[in-house]
Amino acid sequence: MTAGTMTPRQLPPLQPLSFTLPPALEAPSPPEARGVTRDSVRMMVAHRSDRSLVHSHFSELPRFLDEGDLVVLNTSGTLAAEVDGSGPDGEPVQVHLSTQLPAGLWTVEIRRDGRAFLEAASGTTIGLRGGGQVCLLTPYSPGPSGVGVRLWVAVIETPGALPTYLARHGRPIRYGYVQGSFPISAYQNVYATEPGSAEMPSAGRPFTPEVLTRLVAKGVGVAPLLLHTGVASLEANEPPYAEYFKVSSSTAHRINDARRSGGRVIAIGTTVVRALESVVDEHGRVHPGEGWTETVVSPAHPVRSIDGFLTGWHEPEASHLAMLEAIAGRPLLEDSYRAALAEGYLWHEFGDVHLILP
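Keep in mind that what you see is a predicted model, and the values were worked out from it rather than measured.

Thresholds applied
Residues numbered from 1 in each chain as written. Predicted model: local features only at pLDDT ≥ 70, side-chain atom pairs only at ≥ 80, totals over all residues. Heavy atoms only, no water. Salt bridge = Lys/Arg side-chain N within 4 Å of Asp/Glu carboxyl O. Helix = DSSP H or I, 4+ residues; strand = E, 2+ residues; numbered from the N terminus. Buried < 20%, exposed > 50% of the residue type's maximum accessible area, 1.4 Å probe, protein only. Arc of directions from axis to C-beta. Contact = heavy atoms within 4.5 Å. Axes fitted to C-alpha atoms, helices over the stretch in contact; angles between N-to-C directions. Parallel < 35°, antiparallel > 145°, perpendicular 65-115°, else oblique. Nonpolar A, V, L, I, M, F, W, Y, C, P; charged D, E, K, R; others polar. Core = buried A, V, L, I, M, F, W, Y, C linked by side-chain atoms within 4.5 Å.

Chemist: Is there a simple way to think about the pattern of salt bridges in this case?
Modeler: In a structure, side chains of opposite charge can pair up when their charged atoms sit close to one another. Summed over the entire model, instances satisfying the criterion amount to 17 salt bridges. Here Arg 264 makes a salt bridge to Asp 69, at a shortest N to O gap of 2.8 Å. Taken together, the residues span a long stretch of sequence, with Arg 264 in the loop between α4 (249-260) and β15 (265-268) and Asp 69 in the loop between α1 (61-64) and β3 (70-74) at a distance of 195 residues. Neither residue differs from the other here; Arg 264 and Asp 69 are each classed as buried. Beyond isolated ion pairs, a larger network of salt bridges with shared partners links Glu 32, Arg 38 and Arg 205.

Now the structure itself:
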C-alpha cells in the first residue's frame, strides 16, 4: 500500500451509542499512582457466541486465550508531543504535534489554555519554548463547529534534532480528566520500539513482561505491527485521520498461519484493527503493507482480519464505538457498556479494558 491523499474521512451514518459517563468513572491517574500494578486493571470479557460477560483482571488474560492464538501488538511509542509556545500576540499556547507527514511536514494542533483552538491564518508563526518555531502553512482539518481550524499542516524548526528537543522540552498530551502530571514512561507500552504516536495506543498499556511471558509459555504467539496515532479530539468525536502504518511480511504470514491452523487473532487496540483492515483482502488473507491508511472501520465495513479484540472504554458517541459495533455487534456492545457503567469500570488511557472474543 502506498501513500494516499491523507485527507480526513467521514464515518457512514449510524446510530451512535449514547450514554452518560459519570466523572467518577474517568481514570484520573495511572494505576501505579493508584497503588496497583499495570496488569491489575479490571477486564471485562465479552463473548459474541452467547453474549456472556465475565468480570476479571488483565493479569488473567492468558486464561482466556488458547494455545495457537496470536496476539497482535502496535509497537509505536508515545512522543512527548505537547510543547509550550507563544502566539503572535505573545500569549501562551500549547502546540500538539500530531502526525509526521512526507517531506518533513507535520500536522499540529494549537490550543490556548488547553481547550480552545487558536484562531490563526496561514503563515502564522508560533514561537516554541527553548527556541525554535512552528510555521502554520495551510489548514488540514476544521475544528468542531464554530471553533476554527483544529489541525494545521506546519513546518517545525527546533535547535537540534526534533526527538532531542521533545525529550528536553516536551511532555505527554494530557486531557482535563487526568489529575497531576506524569512522566513520559507512564504513557509508554512496555513493548514500544519506535516513537511516533501523539497519544499512547493505550489498549496495550496493561501489558507487563510477566503477562507476555505467560502468554508465550502457554503457546500464544505475539506479533508486532506499527501504526503511529495522531491526536484525538474530545470535542468533535471525529473519525481518525490518515495515519502511517507498517505490517511486515513476518506478521502477515503469522496471522494467516494462525487462522489456517484454527487459532484466533486477537488485536490489541483500535490501531491494530485499523492497520490490519487496511491490508486484508476479501478472503480474509492479510498482506504486508506500508503507507498511509484512511480505513475507517464501522458496521458498514465487515471486519475480516481478526477474531478477538482488546480495547479500552470509549466516550459516549465516540467514533471508535463504530469499530466496536462492527466487531462485537450492537447487542453485545450495549450489554457491555451497560455492565461497565453499573460495575464501575474506569475509562480512558489509564482505565480498565474490554476483551471481545468469538
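Chemist: Help me understand helix α2 (residues 162-169), please; the structure alone is not making it clear to me.
Modeler: Turn by turn, an α-helix covers 3.6 residues, leaving residues three or four places apart pointing in a common direction. Turning to α2, its buried residues are Leu 162, Tyr 165, Leu 166 and His 169. In a view along the axis of α2, the buried residues occupy a sector of 95 degrees, so they form one face of it. Seen from the buried face of α2, the exposed residues on the opposite side, beyond 90 degrees, are Pro 163, Ala 167 and Arg 168. Structurally, α2 contributes buried residues whose contacts are with β5 (82-86), β6 (92-100), β7 (106-112), β9 (125-128) and β11 (149-157).

Chemist: How should I be thinking about the packing of helix α6 (residues 320-328) against helix α7 (residues 330-343) in this particular structure?
Modeler: Angle between the axes and distance between the axes are the two parameters that describe a pair of packed helices. Where α6 meets α7, the closest approach of the two axes is 7 Å, and the angle between their N-to-C directions is 120 degrees. As judged from the angle between their axes, α6 and α7 are oblique. Within the contact between the two elements, α6 uses Leu 321, Leu 324, Glu 325 and Ala 328 and α7 uses Arg 330, Leu 332, Leu 333 and Tyr 337. Per-class residue counts for the contact of α6 with α7 are six nonpolar, no polar and two charged.

Chemist: Which parts of the structure should I look at to understand the nonpolar core?
Modeler: Grouped together as the largest cluster of nonpolar side chains are 84 residues, with contacts concentrated most on Val 108, Val 134, Val 247, Leu 276, Phe 309, Tyr 337 and Trp 347. Broken down by element, the residue count for this core peaks at six residues, all from β11. Those residues in contact with Val 247 that lie beyond four places of it in its chain are Leu 225, Ala 252, Ala 275, Leu 276, Val 279, Val 286, His 287, Pro 288 and Gly 289.

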